[in-house]
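Residue-level structure breakdown
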Amino acid sequence: MFHASPTLIQALGAFLFGLAILHTFSTRYFTRLAHTRPRHAGFLHLLGEVEVVFGFWAMVLMLFMFAISGKQQATAYLDSRSFTEPLFVFAIMVIAATRPILELSGAMARQLARRLPVRRGVAMYFVVLALVPLLGSFITEPAAMTLAALMLRDLLFSRPVSSRLKYATIGVLFVNISIGGTLTPFAAPPVLMVATQWNWDLWFMVSHFGWKAAVAVLVNAVTVTLIFRNQVGHMGRKIPAPEVPVPASVMAVHIVFLALVVLFAHHPAVFLGLFLFFLGFTSAYRHYQNPLILREALLVAFFLAGLVVLGGVQQWWLQPILMAMDANAVFFGAVALTAFTDNAALTYLGSQVAGLSHEFQVALVAGAVTGGGLTVIANAPNPAGAAILKGRFAGGVLHPLWLLLGALPPTLVAVLAFRLL
């Protein structure tokens, strides 16, 4: 199935993949360069968007593939890629970020926060970092990331806060979202890639992953809340009621569309059709809506589509690395590799190999979700959170090193939960 030595396209794909990773760590440079080179500012600003990176280098790969292999092979390669996940993330992001869904989720979070025996702002901070990621097991991780990021943007980051708090918060959010979606077999992208192939059902996920992930999510949320309890009080402030309240019937329709898109997550023709009906509904009832986040969602989908195209020619080096490890080594190897490639790509490659032991399968997925918060590209929902929150960070960019440092402590907690519990 795999060549002993790479073909020209495979070698070129690996080189461009390396450039893309380097590019994701250098977006701040392009943003600064855009201010000093006004003649090319538009193109440089484009290269400074982290969501554009993989799509841009995927385009470069396809141009080389057309030139070297010809139109037929290049288009056949594109046709062989599955773009279901990027399309699904686009649809779910837009629906989850609508005003009716946000108001309902915010009301639920505030109700829970009121029942916690701590100050309202501290309780809200904890709820956003603990409840919402676990909710992702039912509404999917991209939806949970969208909800949590929007709540943090509008509540926590609405006032000046320290960079230390910002990066600690987003580090815990990314890690908790990545592991918090493992209570079910349909919510986390790396689990989606293998659940059907390996016959993992709801009980299997809860017993092998879910309860351990829930413990880690709660420990992470409690820890960061205790550390920054004196800086998050403003999250409890009363939000002015909207002039035009959203009727319960409109909220119900949004929930039905959200549930149907999740139900048909593997069938793009169905969920995209539902999404088009949803757009019509929001247009008919626009007085109950805020502007849809179409631009942000399209950028994230573009990012993931680029990852699908570039990732398809990485098997020749990635799979041998994984297959050379035992179950214990593959867990830590997956944690490390996930930082440099989407965790769903790792589990997908594993699902294509016959005869893997049960322990190897569990270790591969556990390692992939554990490392899902270390970088923006490590987990499919991360670009969604980054797109929503980056405007609150210096220069409008998430610094990769500070994100890594913010995510390391909660990642270590996840490692301990999956290996010791």
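All figures in this text were calculated on a predicted structure; none of them were measured in a lab.

Counting residues in each nonpolar core, the largest one holds 152 residues, and the members touching the most others are Phe54, Leu173, Trp200, Phe209 and Leu310. Here leucine 173 is in contact with Leu129, Met145, Ala148, Leu152 and Leu389, once residues within four sequence places are set aside.

Going through the model one piece at a time under the given rule, you end up with four salt bridges. The closest approach of N and O atoms between aspartate 154 and arginine 153, which form a salt bridge, is 3.0 Å. Using a relative accessible area of 36% as the deciding quantity, one classes aspartate 154 as partly exposed. By relative accessible area, arginine 153 is classed as partly exposed at 26%.

This paragraph deals with the packing of aromatic side chains. Overall, the coordinates contain 18 aromatic pairs when judged by the stated rule. Ring centres 6.5 Å apart and planes at 25 degrees place the aromatic pair phenylalanine 275 and phenylalanine 278 in the stacked group. Of this pair, phenylalanine 275 and phenylalanine 278 both sit in helix 14 (residues 268-284), three residues apart, roughly one helical turn. With relative accessibility at 4%, the residue phenylalanine 275 sits in the buried group. Among the aromatic residues, those joined into a ring-pair cluster are Trp198, Trp200, Phe204, Phe209 and Phe418. Here the basic side chain of arginine 419 rests over the ring of phenylalanine 331, its NZ or CZ set 4.7 Å away from the ring centre.

Here the focus is the packing of helix 6 (residues 84-96) against helix 13 (residues 248-263). A packed helix pair is summarised by two numbers, namely the angle formed by the two axes and the spacing between the axes. Helix 13 packs onto helix 6 with a crossing angle of 165 degrees between their chain directions and a minimal axis gap of 10 Å. For the element pair helix 6 / helix 13, the angle class is roughly antiparallel. Seen from above, helix 6 lies across helix 13 with left-handed handedness. Residue-level contacts link Phe88, Ala91, Ile92, Ile95 and Ala96 of helix 6 to His254, Phe257, Leu258, Val261 and Val262 of helix 13. Within the contact of helix 6 with helix 13, the residues separate by chemical class into nine nonpolar, one polar and no charged.

Reading the values: rules and limits
- Every chain begins its residue count from 1, and numbering advances along the sequence as written.
- In keeping with the predicted nature of the model, local features appear solely for residues at pLDDT of at least 70, side-chain atom pairs appear and are counted solely at 80 or more, and the whole-chain, interface and lining totals rest on all residues.
- For the side-chain quantities, the full set of heavy atoms in the structure was used; hydrogens and water were omitted.
- Only buried residues count toward a nonpolar core. Its members are Ala, Val, Leu, Ile, Met, Phe, Trp, Tyr and Cys residues joined through side-chain atoms within 4.5 Å.
- Three labels apply to residues, based on accessible area from a 1.4 Å probe with only protein chains included: buried if under 20% of the type maximum, exposed if over 50%, partly exposed otherwise in between.
- Only heavy atoms matter for contacts: two residues are in contact if any of them lie within 4.5 Å across the pair.
- Any Lys or Arg side-chain nitrogen located within 4 Å of an Asp or Glu carboxyl oxygen qualifies as a salt bridge.
- What counts as a ring pair is set by centres within 6.5 Å for rings of Phe, Tyr and Trp (its six-membered ring), and what kind of pair is set by the plane angle: stacked under 30 degrees, edge-to-face over 60, tilted for all other angles.
- In this text, helices come from DSSP runs of H or I with a minimum length of four residues, and strands from runs of E with a minimum of two, each type numbered from the N-terminal end.
- The rule for a charge over a ring is simple: NZ of Lys or CZ of Arg within 6 Å of the ring centre, and within 35 degrees of the ring normal.
- For helices, the fitted axis covers only the stretch in contact; all axes are lines through C-alpha atoms, and the angles between them, taken along N-to-C directions, range from 0 to 180 degrees.
- Angles below 35 degrees are treated as roughly parallel, those above 145 as roughly antiparallel, those between 65 and 115 as roughly perpendicular, and all remaining angles as oblique.
- Each crossing gets its hand from how the near helix is turned against the far one by less than a right angle, where anticlockwise is left-handed and clockwise is right-handed.
- Here the nonpolar group is Ala, Val, Leu, Ile, Met, Phe, Trp, Tyr, Cys and Pro; Asp, Glu, Lys and Arg are the charged ones; every other residue, Gly included, is treated as polar.

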